[in-house]
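Examining the three-dimensional arrangement
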Amino acid sequence: MTDRAAAWTAVIRGTRPGPAAALARAGLWWARLPYAAGVRVRNGLFDAGWKRPASAGVPVVSVGNLTVGGTGKTPCVEYVAGFYRDLGLQAAILSRGYGSTDGRPNDEAMVLEENLPDVPHLQGRDRVALAATAVEELESEILVLDDGFQHRRLTRDLDIVLIDATRPLEHEYLFPRGTLREPVSGLKRAGLAILTRCDQADPGEVERQRDWLRARFPELPVATTIHAPLELVGTDEAEAIETLRGRTVGGFCGIGNPAAFRRTLEDLGANAAAFRTFADHHPYTRADVDDLRKWAETLPKEATICTTQKDFVKLRIPELAGRPVRAVRIGMRFLDGEEAVREALSRVTG
């Protein structure tokens with residue numbers, strides 16, 4: 001996370017005290033009004049039929065969210081695309097490609113390519129054009145739209161909205177006063193809501209959030225999930241995730257919610273001796289690697305360097321200062337509601 005992003009987050013979440021922070025929050029509250037007006041007008045045009053979305057000609061399932069920052073979309077996109085692949089359908093993933101550079105795919109695309117090598121992933125600003133390419137050239141039978149809830153130019157058959165259980169929606173404001181991309185009322189367009197990272201929130205708080213959602217959207221199915229660590233991957237053979245217990249680690253990542261990754265390491269029983277963060281989708285340079293190597297030298301010699309799979313696919317380095325580098329591969333695991341999710345996914349195709 002950049003210094004500017006960290007400062008903004010501290011202000012909007014109230015973790016930065018003092019009159020200057022209070023004044024900044026007041027200014028951001030007023031600054032949200034033009035943004036709110038723009039969102040309201042755009043959604044109103046689609047809702048009223050003045051703007052019409054394009055049809056892909058095949059079913060489209062969108063995985064998205066209401067907020068800026070990480071809610072764990074990549075494991076959900078992998079789950080959905082894998083579900084249709086296992087049904088024998090030719091699926092394709094379409095994404096905007098934030099963070100891609102020089103024609104190279106971004107970190108999320110590289111992770112999906114590694115975990116789902118038989119599912120093509122197309123990236124670009126015009127996802128209507130991508131959909132046409134997937135259907136006409138790749139003969140795709142179903143499309144998974146990554147981060148597509150606000151992308152209303154393309155008709156979808158199912159909208160899945162992810163909500164981070166550690167960041168309750170009722171405490172959020174519209175951007176830039178908060179992290180909401182659009183008002184919570186936008187959930188009326190959703191077909192499914194999935195609470196993510198439920199293991200990192202108090203169980204009573206998770207249930208309270210479900211009650212809050214049910215009271216406002218009584219027909220919206222709400223499932224609960226965790227991002228379960230599956231294994232440690234690197235440039236050689238994968239290791240069992242249990243090998244982290246009791247191990248001294250140095251962690252680093254460049255994702256939307258770095259605190260969640262640190263909690264993952266701690267929940268696995270690792271001793272996090274040091275932790276570094278970079279901006280979401282950070283494009284690592286040689287200078288970054290040199291800096292990380294110097295940082296690694298300050299860790300005990302027996303330490304393991306741990307990062308996310310999203311970061312590792314951009315680095316592909318086996319070690320830093322003689323300390324092995326391992327990535328924690330994550331998968332989405334349901335606590336409850338999976339049956340309703342699979343039923344909704346099945347209805348799309350049939």
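Residues numbered from 1 in each chain as written. Predicted model: local features only at pLDDT ≥ 70, side-chain atom pairs only at ≥ 80, totals over all residues. Heavy atoms only, no water.

Notes on helix H2 (residues 19–47)
Over its 29 residues, H2 runs 41 Å from end to end, which matches the ideal 42 Å to within 8%, given 1.5 Å per residue. Where H2 bends most, at Pro-34, the angle is about 25°. Along H2, the residues that are buried comprise Ala-21, Arg-25, Leu-28, Arg-32, Ala-36, Val-39, Asn-43 and Phe-46. Taken from the residues just after H2, Gly-49 is the one with a positive phi, measuring 85°. (Helix = DSSP H or I, 4+ residues; strand = E, 2+ residues; numbered from the N terminus. Expected span 1.5 Å × (residues − 1). Bend = angle between axes of the 7 residues up to and from the residue. Buried < 20%, exposed > 50% of the residue type's maximum accessible area, 1.4 Å probe, protein only.)

A word on unusual backbone geometry
With an omega of 5°, the peptide bond running from Phe-175 to Pro-176 counts as cis. Residue placement: Pro-176 occurs in the loop between strand E5 (158–164) and strand E6 (192–196). The backbone of Glu-139 shows a phi angle near 55°, a positive value even though the residue is not glycine. Note that Glu-139 resides in the loop between helix H5 (127–136) and strand E4 (142–146). Owing to a relative accessible area of 63%, Glu-139 belongs among the exposed residues under this scheme. If you check the backbone angles, His-281 has positive phi at about 65° while not being a glycine. Judged by relative accessible area, His-281 falls into the buried class, the value being 16%.

What about the pattern of salt bridges?
As enumerated under the stated definition, the model contains 26 salt bridges in all. The salt bridge involving Arg-85 is made with Asp-118; its shortest N-O contact spans 3.5 Å. In this pair, Arg-85 sits in helix H3 (residues 73–86) while Asp-118 sits in the loop between helix H4 (107–115) and strand E3 (121–123), placing the two residues 33 residues apart along the sequence. For Glu-338, the salt bridge goes to Arg-342, with nearest N and O atoms at 3.9 Å. With a gap of four residues between them, Glu-338 and Arg-342 both fall in helix H10 (residues 338–348), about one helical turn apart. With a relative accessible area of 37%, Arg-342 lands in the partly exposed category. (Salt bridge = Lys/Arg side-chain N within 4 Å of Asp/Glu carboxyl O.)

Quick look at the nonpolar core
One finds Val-61, Val-80, Tyr-84, Ile-160 and Leu-345 to be the most contacted residues of the largest nonpolar core, which totals 28 residues. Among the secondary structure elements, those contributing two or more residues to this core are strand E1 (60–65), H3, strand E2 (91–95), E4, E5, E6, strand E13 (323–336) and H10. Ranked by residues supplied to this core, first place goes to H3 with seven residues. If we skip the residues at most four places from it in the chain, Ile-160 touches Val-61, Ser-62, Val-63, Gly-64, Cys-76, Val-80, Leu-192, Ile-194 and Leu-345. (Core = buried A, V, L, I, M, F, W, Y, C linked by side-chain atoms within 4.5 Å. Contact = heavy atoms within 4.5 Å.)

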